[in-house]
Structure formats: structure tokens, C-alpha cells
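Examination of the molecular architecture
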Amino acid sequence: MAAQVGSRRKLGSLEVSAVGLGVQNMHRTYQTTIPDRAEMHRIIASAHDHGVTLFDTAEAYGPHEDERILGEATQPFRNDIVIASKFGWNIDLETGERRPGLNSRPEHIKLAVEGSLKRLRTDRIDLLYQHRVDPTVPIEDVAGAIKDLMVEGKVLHWGLSEMGLGTLRRAHAALPLAAVQSEYSMLWRGPEAEVLPLCEQLGIGFVCWSPLGVGFLNGAIDAQTRFAQGDIRGGEGRFSPENLPHNLALVELLKRWAIRKNAAPGQIALAWLLAQRPWIVPIPGTTQMAHMTENSAAAQVRFSQEEIAELNAAVRAIEVQGARLPPPVLSFSGVEAPTQELGRIPS
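Notes on the structure follow. It should be emphasised that the depicted structure is a prediction, and the values quoted were computed from it without experimental measurement.

**Considerations on the overall build of the chain**
Secondary structure assignment for the chain yields 10 helices and 14 strands. Carbon and sulfur atoms provide 50% of the accessible area of the chain, an area that totals close to 13,800 Å².

**Notes on the pattern of salt bridges**
Counted by the stated rule, this structure contains 22 salt bridges. The residue Asp56 makes a salt bridge to Lys86 at a minimum N-O spacing of 2.5 Å. In this pair, Asp56 is assigned in strand S4 (residues 54-56) and Lys86 in strand S5 (residues 82-87), connecting sequence segments 30 residues apart. Exposure class is identical for Asp56 and Lys86. Each is buried. Between Arg124 and Asp123 there is a salt bridge; the shortest N-O distance is 3.1 Å. The exposure class assigned to Arg124 is buried, which follows from its relative accessible area of 18%. In the salt-bridge network here, residues are joined through shared partners; they are Arg37, Glu65, Arg68 and Glu72.

**Concerning the packing of helix H5 (residues 165-174) against helix H6 (residues 195-202)**
The interhelical angle for the contact between H5 and H6, taken along N-to-C directions, is 15°, at an axis separation of 11 Å. Taken together, the axes of H5 and H6 are roughly parallel relative to one another. When the axes of H5 and H6 are compared, the crossing they make is right-handed. In contact with Leu165, Leu168, Arg169 and His172 of H5, H6 contributes Val195, Leu198, Cys199 and Leu202. Looking at the contact of H5 with H6 residue by residue, the classes come out as 6 nonpolar, 1 polar and 1 charged.

**Some details on the environment of Glu97**
With respect to the helices and strands, Glu97 occurs in the loop between strand S6 (89-91) and strand S7 (98-102). Look at Glu97 and you get partly exposed, because its relative accessible area is 43%. Separated by 37 residues in the primary sequence, Glu97 and Ala60 place their C-alpha atoms 9.6 Å from one another. Setting aside anything within four residues of it in sequence, one finds Glu97 in contact with Asn90, Ile91 and Asp92.

**So, the layout of surface pockets**
Here the second largest pocket is characterised by a volume of approximately 200 Å³. Along its surface, the second largest pocket is lined by Ser7, Arg9, Ala18, Ala271, Leu274, Ala275, Ala299, Val301, Arg302, Phe303 and Ile308. The dominant element in the lining of the second largest pocket, judged by the number of residues it contributes, is helix H8 (residues 265-276), at 3 residues. Partitioned by chemical class, the residues of the lining of the second largest pocket number 8 nonpolar, 1 polar and 2 charged.

**So, the pairing of strand S1 (residues 8-11)**
Burial along S1 is one-sided: Arg9 and Leu11 are buried, and none of Arg8 and Lys10, which face the opposite way, are. Across 4 bridges, the pairing between S1 and strand S2 (residues 14-17) is antiparallel. Its bridge partner lying in S2, Arg8 is registered against Ser17.

Rules used in this analysis
- Residues numbered from 1 in each chain as written.
- Predicted model: local features only at pLDDT ≥ 70, side-chain atom pairs only at ≥ 80, totals over all residues.
- Heavy atoms only, no water.
- Helix = DSSP H or I, 4+ residues; strand = E, 2+ residues; numbered from the N terminus.
- Areas by Shrake-Rupley, 256 points an atom, 1.4 Å probe, with all protein chains shown as cover.
- Salt bridge = Lys/Arg side-chain N within 4 Å of Asp/Glu carboxyl O.
- Buried < 20%, exposed > 50% of the residue type's maximum accessible area, 1.4 Å probe, protein only.
- Axes fitted to C-alpha atoms, helices over the stretch in contact; angles between N-to-C directions.
- Parallel < 35°, antiparallel > 145°, perpendicular 65-115°, else oblique.
- Left-handed = near helix turned anticlockwise from the far one by under 90°.
- Contact = heavy atoms within 4.5 Å.
- Nonpolar A, V, L, I, M, F, W, Y, C, P; charged D, E, K, R; others polar.
- 1 Å grid on protein atoms, 1.4 Å probe; cavity = no way out; pocket = protein on both sides within 12 Å on 5 of 7 lines; lining within 4 Å.
- Points joined across faces, edges and corners; volume = space filled by probe spheres on them.
- Pairing = 2+ DSSP bridges.

Written as C-alpha cells, this is what we have:
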């Protein structure tokens with residue numbers, strides 16, 4: 001099938017589709033229910049048919065289970081795609097038990113990558129991230145371990161997730177990075193002040209997780225929404241009953257632009273991200289085929305310079321109310337809980 005995504009982008013020297021697919025919740029939804037595994041395989045295969053080439057997962061997702069799902073699904077087209085995964089949590093290499101803290105000791109990284117390769121059913125990881133910065137291990141030592149893996153052909157490119165600016169500079173000096181991954185959307189614009197300018201200066205791509213604000217920006221949440229026990233969104237001030245009515249101004253803005261551009265609100269939110277920089281790549285995750293199809297076509301939505309200036313001004317005029325949970329750390333159950341804010345992790 002011909003690719004339907006309208007463009008490709010570069011993360012450093014690594015070429016990927018303009019919109020990727022986040023394989024984080026395919027072993028369970030936000031409400032901790034378990035999706036049908038065969039359907040997750042079909043969604044991944046259909047994403048490939050729709051031109052998606054970047055598939056993002058991590059050893060911590062499951063733990064281990066989402067790597068297995070991705071590896072099972074991508075066997076027929078492995079050489080056509082880019083697989084990204086991550087290391088860095090203190091996860092038992094055999095059982096997947098989530099233990100306290102972080103672990104980026106070089107010897108652990110190498111063993112963690114061996115496990116990821118087996119679960120992904122591949123001989124190399126195209127893009128490997130340090131999932132969170134381990135303050136007990138110098139980033140230069142981490143870079144050294146990655147360089148060894150590159151020499152062996154097991155890792156092709158590397159990146160960092162939710163790191164401090166000092167760590168980013170030091171890591172890139174030790175071993176050039178292809179990408180940074182952080183939360184970024186109309187609902188959370190924190191990277192705009194310092195992280196994006198530094199990425200631009202260093203020639204590093206930027207990958208956005210939660211680009212649809214965990215369902216908020218595609219209209220899945222309204223003022224009457226209340227979250228089930230175990231749903232991570234229930235703990236966020238942005239989605240509390242007192243703040244939701246105000247923050248829904250973003251959704252109303254998206255709906256107006258969706259009519260204007262003959263698109264879906266979520267497609268406008270993703271296309272807005274793509275319009276911010278030519279090296280930004282969102283990776284929306286989903287367990288719904290219809291959502292994947294909609295998201296993968298977002299690159300077809302184009303803005304003129306005048307339109308993006310108008311939309312940017314409208315987004316800036318809406319001040320989101322309520323606290324954002326800091327970047328997540330996976331608990332023993334696989335449900336996300338908060339850790340430090342972006343930029344405040346020790347560098």
C-alpha cells in the first residue's frame with residue numbers, strides 16, 4: 001500500500017515518518033484493562049501500511065510486554081521501519097520486576113539491551129534512549145556503553161528522555177545524539193523555552209510523547225468527565241472538575257480549526273506540533289484502530305505561514321490551569337506515577 005503520511009523527517013541523521021506510533025499502553029489501557037493482543041498486532045501492521053515508520057516502546061512498558069507485542073507484530077516488515085526503545089529503570093532483567101530507583105550502570109545497560117533485542121525479535125535497536133537520567137552514573141559512562149553497543153551493531157542511534165539541559169550538552173559532546181524525547185503538546189508547552197532552542201543549536205531531533213494530552217486534545221474528555229480508579233489522568237490538576245471547563249478552551253479552538261481545515265481536532269493538534277519545527281516528530285499512542293488511522297494522516301494537514309501565526313497566537317492566549325503531573329515513573333504495577341520535572345533532573 002502506498003504511504004499515506006505526507007512527509008518524512010530527520011532525527012539527527014535518522015529518517016522517520018512525520019508521525020510515529022507510541023507502543024506504550026498496548027498491554028493495558030489507562031484504566032488498566034487489557035486490550036486484545038491480536039488487535040494490537042493489527043494496529044501496528046496497519047500503521048506500517050499507512051506509512052508510519054517510527055515505532056516507540058521501552059523495556060519499562062509492561063514491563064517488557066510492549067516490546068514483545070511490537071516484536072511479534074513487526075516481523076514481516078522489520079527492515080522497513082525504525083524501532084525505538086529505552087533503558088534506565090531498575091528492572092529485573094529476567095522477571096521484569098520493577099525495583100526501586102534507576103539503573104544506568106554500563107554493565108546493566110548492555111544486559112538490558114540484550115533483553116530488548118530478544119523481545120523485539122531483532123538484531124539492532126535503531127534508536128535507543130536513556131529513559132531517565134541516573135544521577136549516580138556520569139552521562140559520559142552511559143555514552144561509553146552506548147558507543148560499545150554501536151560498535152557491535154546492536155544500537156544505531158541514541159537519545160535521552162526528560163533530561164536536564166546540562167546533561168543534554170554533556171551527552172551530545174560525548175556521543176552525538178539523534179533525538180530527545182519529552183512531553184510536548186498544546187496542553188504542555190514546557191520544552192519551548194529552553195529544550196527546543198538547545199536541540200536546534202545542537203542539531204538534535206525532538207520526539208513528543210503525549211502529543212494529544214492523554215486524549216484531551218482530540219476531544220475525548222469534556223467538562224463532565226470523571227476518571228476511573230487507576231486512570232492516571234484522575235490525579236492531574238489539569239483535568240480536575242474545577243479546571244476542566246477553563247482548559248476546554250483549547251479543545252474548542254481545535255474544533256474550530258478542524259472545521260476550517262476539514263480535519264479532526266486531534267489532527268490539528270498533531271499538525272500544530274509538526275509546524276513548530278521541521279525536526280519535531282509526535283508519537284501518539286493508541287489501542288484503537290480508528291485513532292491510529294486518524295493520527296497517521298495528520299501530516300497531510302498543512303498551514304500557511306499566516307495560519308500558523310494565527311493559531312500560535314490563539315494557543316498562547318489560553319493559559320492552562322491546574323498542575324501537570326511531572327514526567328512519569330512506572331510503578332510496580334505499570335501504572336504511571338510522577339517523578340521530577342523536566343529540566344530539574346540532576347545534570
